Amino acid sequence: ATANIGVVGLAVMGSNLARNLASREGNTVAVHNRSRSKTDELLATHPEAGFVPAFSYEEFAASLQKPRAAIIMVKAGRPTDAVIDALVEVFEPGDIIVDGGNALFTDTIRREKAVRETGINFVGAGISGGEEGALLGPSIMPGGSDESWVTLGPILKSIAAVAEGEPCVTHIGHDGAGHFVKMVHNGIEYADMQLIAEAYDLIRRGTGKTPAEIADVFAEWNRGELESYLIEITAEVLRQVDASTGKPLVDVILDQAGAKGTGAWTVQTALSLGVPVSGIAEATFARSLSSHPEQREVSRELPGPAEGLTVEDADAFIEDVRLALYASKIVAYSQGFDEIRAGAAEYDWQIDLGAVSKIWRAGCIIRAQFLNRIADAYDETPDLAVLLTAPYFVEALGRAQGAWRRIVSTAAGAGIPAPAFSSSLSYYDGLRAERLPAALIQGQRDFFGAHTYKRIDKEGTFHTLWSGDRSEIEAEDTH
Ligand code: NDP
């Protein structure tokens, strides 16, 4: 046995991760793929990596030093289960199986429980950063036991991205914690992308600037408080000219957004936990709306406002859009962190929210300067109930809210969809409200279902005899 780490699954992510591992001092990497061709190709194209190829699981196990550690990078779902089953057959107690794919965290909880019974350690690790991240340094979100982290920690630290001298990996928590946090990362990514898209759309329709000119706006924004990978690549995409038509590429790309499901998981999980991640939800639904051409086709003639968008002062408008984007982004992150907090409470994970924001500063898709501010907020107040109430964000929101309100009302008036901008603002105002119309909802619930209500002026649970004399009685608490 010569290898200290193995990779199973040599498609885009696995092969790049294997190369990343092999490039680090002291690592010898065993590789295996279901179909032999991918292994052969990787060996042929990267002889410098010194890979130890294995063409069966027995060979793979034999090539790994004990305790064995292997990272699975195959299609999420049943393929992952198939590979885990095969590895459990050939591994021994104390060995470590890492699933680096995009597993649903509840699958990870189930798998960890089943694998643990064999004495083998199972670690679900979220890995973000796509192909480039896998090769040059991803952000890694491992769950699993403390025992596995002892062996795995140094290996993962050696391949992770580095932000301000710190590796972008931390032991998130037990069993499914890593995949849970990766899921929310992707949800936030959906929101961030949708907000940027809304900003682009408003600027384009409001000022008539070309995509290349708007690319300059984003490049400029990338030098300020919005500095992030997604803003940076937005400028690149907008600047791209289509070779066959000579048009901006963004104008020839079909406007139907795809999704692989992690945004939907984030929203479904949030619904179960009762956490209002409205920005992420709107972003996910906006992709769904875009992908129904038949519905959009028959809806094109629906009445809209008589007046389109006219902007007097383009620079002032663009600055308003920037501030609206920044404020909505703060909301999206605040909601995402709220979901992680609620998930940790529900599944009994000890998640350090500041540490999570720090490992997202490099390697992953939502990497941004801004995450330092989130880390500061949790450093100062670890049990912060709502992230956006941290002093830094209160100041930023105070500075942005006027522009944010102008943009949301301008968009509504001109009939331009801005679902993530406007839902984020509604969330913000909902949180701020002294009284919410939830009181009326409690009244309605009590009317039709005798669901009872509480009063602001005395303890207890009450019900009004709606179909009787409408007097109030004390009732059993049925929520
Ligand atoms: P794919 O998700 O396309 O999966 C292809 C790999 O899965 C191949 O190695 C394939 O083997 C293997 N495979 C499929 N079915 C089986 C099976 N039944 N038994 C054994 N192996 C099987 O590869 P990616 O590299 O794109 O992604 C790998 C994982 O990483 C996925 O879970 C993905 O969600 C996650 N991920 C992907 C990112 C990306 O940017 N692509 C980013 C972050 C995470 P074969 O060659 O024999 O078909």
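Quick caveat: nothing in here was measured; it's all calculated off a predicted structure.

Two side chains that carry opposite charge are able to pair once their charged atoms sit near each other. Going through the model one piece at a time under the given rule, you end up with 29 salt bridges. In this structure, the salt-bridge partner of Glu-92 is Arg-68, at a minimum N-O distance of 2.9 Å. Here Glu-92 is found in the loop between helix H4 (78-90) and strand E5 (96-99), whereas its partner Arg-68 is found in the loop between helix H3 (57-62) and strand E4 (69-72), with 24 residues between them in sequence. Exposure remark for Glu-92: the relative accessible area of 32% places this residue in the partly exposed category.

Here we come to the site of the ligand. Surrounding the ligand, one finds 19 residues, the nearest of these being Met-13, Asn-33, Ser-35, Lys-38 and Val-74. One of the backbone N or O atoms of Val-12 is found 3.4 Å from an oxygen atom in the ligand. The separation between an oxygen atom of the ligand and a polar side-chain atom of Ser-35 is 2.6 Å. Bound to the protein, the ligand loses 79% of the 890 Å² it would expose on its own. Every element with two or more residues in the shell around the ligand is listed here: helix H1 (12-22) and H4. Looking at the shell around the ligand, its residues break down into 10 nonpolar, 6 polar and 3 charged.

On to the side chain of Asp-446, then. For Asp-446, the position within the fold is in helix H20 (residues 438-449). Within the local environment of Asp-446, its side chain forms a polar contact with the side chain of His-463, the two groups lying 2.8 Å apart. Those residues in contact with Asp-446 that sit more than four places away from it in its chain are His-451, Thr-452, Tyr-453, Phe-462, His-463, Thr-464 and Trp-466.

Another point: the sheet that holds strand E7 (residues 139-142). Spatially, the 7 strands line up as an open sheet ordered E3-E2-E1-E4-E5-E6-E7, and their pairing is mixed. Each edge of the open sheet is held by one strand with a lone partner, namely strand E3 (52-53) and E7. One ladder, built from 3 bridges, connects strand E1 (residues 5-8) with E4; its direction is parallel. Of the residues in E4, the one forming a bridge with Val-7 is Ile-71.

Before going further, it helps to spend a moment on the environment of Val-241. The topology assignment puts Val-241 in the loop between helix H10 (229-239) and helix H11 (249-252). Sequence separation between Val-241 and Arg-34 is 207 residues; the distance between their C-alpha atoms is 39 Å. Setting aside anything within four residues of it in sequence, one finds Val-241 in contact with Gly-246, Lys-247, Pro-248 and Leu-249.

Attention now goes to the packing of helix H8 (residues 177-207) against helix H13 (residues 278-290). Between H8 and H13, whose axes approach to 8 Å, the crossing angle comes to 70°. With respect to their mutual orientation, H8 and H13 come out roughly perpendicular. Note on packing geometry: the crossing formed by H8 with H13 is left-handed. Contacts between H8 and H13 pair Gly-187, Ile-188, Tyr-190, Ala-191, Met-193 and Gln-194 from the former with Gly-279, Ile-280, Ala-283, Thr-284, Ala-286 and Arg-287 from the latter. Here the residues of the contact of H8 with H13 are counted per class, giving 7 nonpolar, 4 polar and 1 charged.

Time to look at helix H15 (residues 314-347). Here H15 spans 49 Å end to end across 34 residues, near enough to the 50 Å set by a 1.5 Å rise per residue. Most of H15 sits inside the fold, with 25 of its 34 residues counted as buried. For H15, the N-terminal cap is Asp-313; the gap from its side-chain oxygen to the backbone nitrogen of Asp-315 is 3.2 Å. Asp-348, located one to two residues past H15, shows a positive phi value of around 65°.

Here is a general trend for soluble globular proteins: nonpolar side chains tend to be buried in one another's company. In terms of nonpolar packing, the biggest core is built from 90 residues, with Phe-218, Trp-221, Ile-351, Trp-360 and Phe-421 touching the most fellow members. Excluding residues within four positions of it along the chain, Phe-421 makes contact with Leu-195, Glu-198, Ala-199, Leu-202, Val-321, Ala-324, Leu-325, Ser-328, Trp-404, Ile-407 and Val-408. Membership of the second largest hydrophobic core comes to 29 residues, among which are Val-7, Ala-134, Trp-149 and Ile-155.

The next subject is a positive patch on the surface. Residues Arg-34, Lys-38, Lys-75 and Lys-260 make up a contiguous surface patch of positive charge. Assignment of secondary structure puts Lys-38 in helix H2 (residues 36-45).

Parameters and conventions
Residues numbered from 1 in each chain as written. Predicted model: local features only at pLDDT ≥ 70, side-chain atom pairs only at ≥ 80, totals over all residues. Heavy atoms only, no water. Salt bridge = Lys/Arg side-chain N within 4 Å of Asp/Glu carboxyl O. Helix = DSSP H or I, 4+ residues; strand = E, 2+ residues; numbered from the N terminus. Buried < 20%, exposed > 50% of the residue type's maximum accessible area, 1.4 Å probe, protein only. Near = heavy atom within 4 Å. Polar contact = N/O pair within 3.5 Å; in protein donor to acceptor, adjacent residues only side chain to side chain. Areas by Shrake-Rupley, 256 points an atom, 1.4 Å probe, with all protein chains shown as cover. Nonpolar A, V, L, I, M, F, W, Y, C, P; charged D, E, K, R; others polar. Contact = heavy atoms within 4.5 Å. Pairing = 2+ DSSP bridges. Axes fitted to C-alpha atoms, helices over the stretch in contact; angles between N-to-C directions. Parallel < 35°, antiparallel > 145°, perpendicular 65-115°, else oblique. Left-handed = near helix turned anticlockwise from the far one by under 90°. Expected span 1.5 Å × (residues − 1). Core = buried A, V, L, I, M, F, W, Y, C linked by side-chain atoms within 4.5 Å. Patch = residues over 30% accessible without salt bridge, like charges linked within 9 Å, V, L, I, M, F, W, Y side chains within 5 Å. Lys, Arg positive; Asp, Glu negative; His and termini not counted. Charge placed at Lys NZ, Arg CZ, Asp CG, Glu CD.

Everything listed is a geometric property; what it means functionally is a separate question.
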